[in-house]
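Observations on the model geometry
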There are 2 protein chains.
Amino acid sequence: MSGISGFNGKILRVDLSQGAVTTEEPGDDFYRMYFGGSGFVAYFLLKEVKSGTDAFSPDNRIIFASGPITGSPVGGCGRHDVGAKSPLTGGFGDAQSGGYWGSELKFSGFDAIVIQGKAARPTYLLIQDGKAELKDASHLWGKTTGETQNLLRQELNEPGLRVAQIGPAGEKLVRYACVINDLHDAAGRTGLGAVMGSKNLKAIAVRGHNHPPFAHPETVSTLGRWLRDNVMLLAKPLYDMGTSRLVMGLNKSGGLPTRNFQTSFFEGASKISGETMRNTMLTGRHSCYACPVRCKRVVEVKGPVYQVSPEYGGPEYETIAAFGSDCCIDDLPAIAKANELCNAYGLDTISTGATIAFAMECFENGLLTAQDTGGVELRFGNAPAMVEMVERIAQRRGLGNILAEGTARAAQKIGNGAEKFAMHVKGQEAPMHEPRLKQGLGLGYALSPTGADHCHNLHDIYYTAKGPGLENFKALGVMQPLPASDLSPAKVRMLLYNSQWMWVLNSLVYCLFVPLNYEQITELTKGVTGWNVSLWELMKVGDRVRTMAREFNIRQGLGPPEDELPHRFFTPPTTGPLNTTAINESKLAQARKTYYAMTGWDENGKPQPEKLAELGLDWLV
Amino acid sequence: MSGISGFNGKILRVDLSQGAVTTEEPGDDFYRMYFGGSGFVAYFLLKEVKSGTDAFSPDNRIIFASGPITGSPVGGCGRHDVGAKSPLTGGFGDAQSGGYWGSELKFSGFDAIVIQGKAARPTYLLIQDGKAELKDASHLWGKTTGETQNLLRQELNEPGLRVAQIGPAGEKLVRYACVINDLHDAAGRTGLGAVMGSKNLKAIAVRGHNHPPFAHPETVSTLGRWLRDNVMLLAKPLYDMGTSRLVMGLNKSGGLPTRNFQTSFFEGASKISGETMRNTMLTGRHSCYACPVRCKRVVEVKGPVYQVSPEYGGPEYETIAAFGSDCCIDDLPAIAKANELCNAYGLDTISTGATIAFAMECFENGLLTAQDTGGVELRFGNAPAMVEMVERIAQRRGLGNILAEGTARAAQKIGNGAEKFAMHVKGQEAPMHEPRLKQGLGLGYALSPTGADHCHNLHDIYYTAKGPGLENFKALGVMQPLPASDLSPAKVRMLLYNSQWMWVLNSLVYCLFVPLNYEQITELTKGVTGWNVSLWELMKVGDRVRTMAREFNIRQGLGPPEDELPHRFFTPPTTGPLNTTAINESKLAQARKTYYAMTGWDENGKPQPEKLAELGLDWLV
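Now for a look at the structure at hand. (Residues numbered from 1 in each chain as written. Chains lettered and ligands numbered in written order. Predicted model: local features only at pLDDT ≥ 70, side-chain atom pairs only at ≥ 80, totals over all residues. Heavy atoms only, no water.)

In terms of helices and strands, chain A carries 24 helices and 18 strands. Over its C-alpha trace chain A gives a radius of gyration of 22 Å, about what one expects of a compact globule, namely 25 Å for 621 residues. Buried residues in chain A amount to 69% of all 621 residues. In chain A, 69% of the contacts between residues at least 6 apart in sequence involve partners at least 24 apart. Of the accessible surface of chain A, which amounts to about 19,100 Å², a share of 49% is contributed by carbon and sulfur atoms. (Helix = DSSP H or I, 4+ residues; strand = E, 2+ residues; numbered from the N terminus. Rg over C-alpha atoms; globule rule 2.2 N^0.38 Å. Buried < 20%, exposed > 50% of the residue type's maximum accessible area, 1.4 Å probe, protein only. Contact = heavy atoms within 4.5 Å. Areas by Shrake-Rupley, 256 points an atom, 1.4 Å probe, with all protein chains shown as cover.)

Moving on, we get to helix α20 (residues 489–508) of chain A. Here α20 of chain A contains 20 residues, and its C-alpha end-to-end distance of 28 Å stays within 8% of the 28 Å for a straight helix at 1.5 Å per residue. Counting buried positions over the 20 residues of α20 of chain A gives 18, a clear majority of the element. (Expected span 1.5 Å × (residues − 1).)

All right, on to the nonpolar core then. In globular proteins that are soluble, nonpolar side chains generally tend to be buried together. If you look at the biggest cluster of nonpolar residues, it comprises 340 residues, and the most contacted ones within it are Met386 of chain A together with Met386 of chain B. Contacts of Met386 of chain A, omitting those with residues within four sequence positions, involve Phe323, Cys327, Ile329, Ala334, Ile335, Ala338, Ile356 and Met360 of chain A. (Core = buried A, V, L, I, M, F, W, Y, C linked by side-chain atoms within 4.5 Å.)

Let us now look at the sheet that holds strand β5 (residues 92–97) of chain A. Residues and elements named next belong to chain A. Strand order in this open sheet of 6 strands is β2-β1-β6-β3-β4-β5, and the pairing throughout is mixed. A single partner strand is all that each edge strand has here, and the edge strands are β2 (20–24) and β5. Between one strand axis and the next, the sheet turns by 15° as a mean value, whatever way the strands run. In this structure, strand β3 (residues 62–65) lies alongside strand β4 (residues 80–85), joined through 4 bridges in antiparallel fashion. Paired with Ala65 across the two strands is Asp81, which belongs to β4. (Pairing = 2+ DSSP bridges. Axes fitted to C-alpha atoms, helices over the stretch in contact; angles between N-to-C directions.)

Rotating chain B by 180° and translating it 0.0 Å along the rotation axis places it on chain A, where the RMSD comes to 0.0 Å. In the structure described here, the two chain copies are related by an operation that fits a two-fold rotation axis. Among all residues of chain B, the one whose C-alpha sits closest to the rotation axis is Trp536 of chain B, at a distance of 2.1 Å. (Least-squares fit on C-alpha atoms with pLDDT ≥ 70 in both.)

Here we come to the state of the cysteines. Residue and element names in this part refer to chain B. What the rule picks out here adds up to 0 disulfides over all chains. Summary of cysteine pairing: Cys291 is not part of a disulfide, and the nearest cysteine sulfur, belonging to Cys288, is at 6.1 Å. Free of any disulfide, Cys455 has its nearest neighbouring cysteine sulfur in Cys511, separated by 9.6 Å. Residue classification places Cys455 among the partly exposed positions, given a relative accessible area of 27%. (Disulfide = S-S within 2.5 Å.)

Tallying the contact residues gives 34 residues for chain B and 34 residues for chain A. Between chain B and chain A lies a buried interface of about 3,000 Å² when both sides are counted; carbon and sulfur atoms form 55% of it. The tally of links from chain B across to chain A stands at 2 salt bridges. The residue Lys526 of chain B makes a salt bridge to Glu519 of chain A at a minimum N-O spacing of 2.7 Å. Residue assignment for the side of chain B that touches chain A shows that the elements contributing at least two residues are α1 (28–34), α18 (470–474), α19 (489–508), α20 (518–529), α21 (535–555), α22 (585–598) and α23 (609–614) of chain B. Broken down by element, the residue count for the side of chain B that touches chain A peaks at 6 residues, all from α21 of chain B. Residues belonging to the side of chain B that touches chain A are distributed by class as follows: 12 nonpolar, 8 polar and 14 charged. (Buried area = accessible area lost by both parts, 1.4 Å probe. Salt bridge = Lys/Arg side-chain N within 4 Å of Asp/Glu carboxyl O. Nonpolar A, V, L, I, M, F, W, Y, C, P; charged D, E, K, R; others polar.)

Any two side chains of opposite charge can pair if their charged atoms end up close together. All names here are of chain A. Summed over the entire model, instances satisfying the criterion amount to 68 salt bridges over all chains. In this structure, Asp460 engages Lys491 in a salt bridge whose closest nitrogen and oxygen atoms are separated by 2.7 Å. You can see Asp460 sitting in the loop between α18 (439–447) and α19 (470–474) and its partner Lys491 sitting in helix α20, a full 31 residues away along the chain. Neither residue differs from the other here; Asp460 and Lys491 are each classed as buried. Asp543 is the partner of Lys540 in a salt bridge, and the nearest nitrogen-oxygen pair spans 3.8 Å. With Lys540 and Asp543 both in helix α22 (residues 535–555) and 3 residues apart, the pair spans about one turn of that helix.

This next bit is on unusual backbone geometry. A cis amide bond links Leu508 of chain A to the next residue, Val509 of chain A, at an omega of -15°. Among the secondary structure elements, Val509 of chain A is positioned in the loop between α20 and α21 (518–529). Not every positive phi belongs to a glycine, and Leu183 of chain B is a case in point at roughly 65°. Looking at where Leu183 of chain B falls in the secondary structure, it is placed in the loop between β10 (179–181) and β11 (185–187).

Okay, here's the thing in structure tokens:
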């Protein structure tokens, strides 16, 4: 048992090949160096996954991790992190999810789970109050997430069971299959569900009642109360419309990806907006553990064309844009249906929508034909075709079998220059943020260790002269706002600092939306753990994890050639009344060089030995 | 008038050649970027002093600066900083002083004074409540500091006048002349008194009654009260014996420089210890503005050989070791006398004592003879000879005229290999901390922009397994203690982080001794200014100022060849029951390379453009 408040001090080791579960107690310094979440993922991947290991090999690891503050009664602390070598990128795979599973893991007696090997038959892992066992899941294989959760809760007679699991897409190794928990929350990106599938691991069900004590309970409860008292002042739009509130604003700014990123303004935006969702189908607002924000949507659609049940929640902004504007679809019920299917089958909505948009552009340009699609007119704007393709991808049926590989691999199979329509970095599809509007984010797409990603990146428009973000940034010593299109060294610093902070959040594991500021999150960490942490130390943890993720990628063969954007972003959007401009390719290349040097990586993007030593990572030299 | 709490928002510009005083208002961002103290010095030197400018040229600048928290009613806030291009090193000159002058400057209506040019005749600067004027000082020229302060207070009929000034040593351009304030406090190092002398500037007298408001007065007063309530718990030894409490402990550890650093253990230590001073001559304890620690000594000696008046305070640790063990002198009254003379004449006690120790070793080795010394037997242990040499240096009489140039230049004039006895880095004499005991500090001597210096360095023995310092360091994310003799990359990081923090203190301008921790100093800065600063931002200010100082040195021609230690430190101490060992020269060279790379300097030790950009110093690229 660790002496650290906030943690259990125990990590569960699962060897599926051996059918063995054991407990490890890594000691206090380990926790303070890596915190949790992405920090643990980076640590175990670097320690245990050799160069060249196939993502679907039993030698790959998949890690589920909470963080120091997970399970605290403060909004934003109900999350967990999942990581593995990614079958989509071949590099650092990592994603976060909300809901109740993460806090339940913490209460079950373990801070994290490290899984290796491959089970001989479908298996699930059950953890209840410190006891872990591997159980047969043959009867669950092929089931949707809803069916599986119901079956498990019934057969274990435990309605409070929390289940993280894969659906059929993960079983079929769709490279962007996700890990679903609580039916509507997803560790969505980098194909982690397929890694579970490759290990014959259907689900991890957790239940626990042990709350590790806090070093300073009054600090924790004061912050929780402050958040509850101020949530409507600080986060009302997020409560009101969820992340879908972004649709109209981004569209107005010229930042709504449309027609597979051909342009960034969608005429049909108002039909798929947060306001429209609220007014036409919203039936509830889900929360994560202890969170007063309630940003998660619950929708119900009763026809005439689509029926969508509230069981699987409702679409977030990313999902709306991926299945909506990016596919040129203004049919919100169809989008809600696609969302439901993704959650039931265990598919990442971003990559699924983006891959369908890619296929639509291939179809419109004759690279795919009706013969390839089994007769489906896979054109932009065709909502039934989009919904049908979600089904086919999940089942790997027909063209779905090719699209299940992701845009990069699909483009290679389709040939005829299809690669130019594949909007990915390192094999991962770009999320629904326009890098020609937010050019620092574009650089972030290029440099993110997980491929194109919006969760450890810079959303430049908040840090312009008119943006609301600069005051917070001043606590990092950054005084000057910068245009969203800027790619100067000062912008590189902004990206660097902000991504470091995001990696702090991903290691803590804390929500990116809940409006606690740097100081409050530092206080929360101190209150839970009793460590005398500072924002400096937190930022150094972020730096450490970001650097470890990079080091993992370098060891897996990903380097500067993979730090590239799709060429489309070097041309302006095709249509619309926009200020959004092409990214200047040579400026981007210069900014990438600046980033390497600024953060202590050599010209090949490899962290220098002195950088590793500065971060206490001598063991990586 | 600035809108920033804690500052006046005004900097006084003085052109002595023109006889003009003007006011500049640099704006809020300037203050937040550079804070004050050493930060202002670095800024104005880089902006205004061209490469190759002679330190005694009218084109040199001398800057007197307070910081954001100066004048706050919290112990440790009663300091100021002085800086110029150093006549001793040819590079970044910077020193801090306690007492009452710094807070009085703040209350006088200005945050800092930037002085250029050369007055046609002896001049002093008088600032009273926002009004500044240059006044004739012909009648003060040649006077001791005590005489000058008395005359000014009398003729201006202002007993509360605070005077920073030079004595005869500064007038005569002794290269390690200091700036004395309040008669017993000194901006001691790097020869800043000589720069004042070269400008015919005898004194700066200040008086003011304007206290800039605090953003959060209750935060400030709470911290002040906390310190008063806890001072005897946290700093009783410092109250009891001042810094001289270090004598016995360092001697026991093998860290008391003895016989010009030939060895690090002094048999006579107990005769010059803090205990002996307290028991035989202590008559009082001076304080700085608002400080409850009272670490400063007041001594009185009534013979039989030496008379020492309490007017000039009493010797600190550095002074005791420099005139005592380093000269092999165990006569505490003689040391107290030397201290009095240094304060009356305006000499840096460290460089004065170290230069005399150097001369003693030259004498004992026949490089200096009785003919050179005018008959004085300048041998180790000869107390009257030591006191006599202080007089001669201040007056530049006889051999004193050579020794007034500092050990590096004196060694060149003496020739015959005298350089091997000159214990300096970049021309500045090593302070009284043994780098063979604290080897990280040895690396710090080599890398400090001011030459060998103990005020922005690492005192390794606090961070060993038995040392008390690690808990504080953990707030920076450094978890592991290291042996004092370690020079690994992990030690380089310790030095780097700690020196960054020291440069924060030097820019704030805050005392290095007063026991507020990182968090409290961050709180104090927030309470005074209202800025949402974090420890991250503070550390980045430290990084910025350290990097600017380096950049200034590079521009003045100081580079890797000047980042060297005296060769004596590569051999073990000659005598004593010590564990203190030789520094391994190649390990030191490797550690220096590691330091360059770890902090973003190129292999020539020049800050890389990306490093400058990261610190917001694009204007230096």
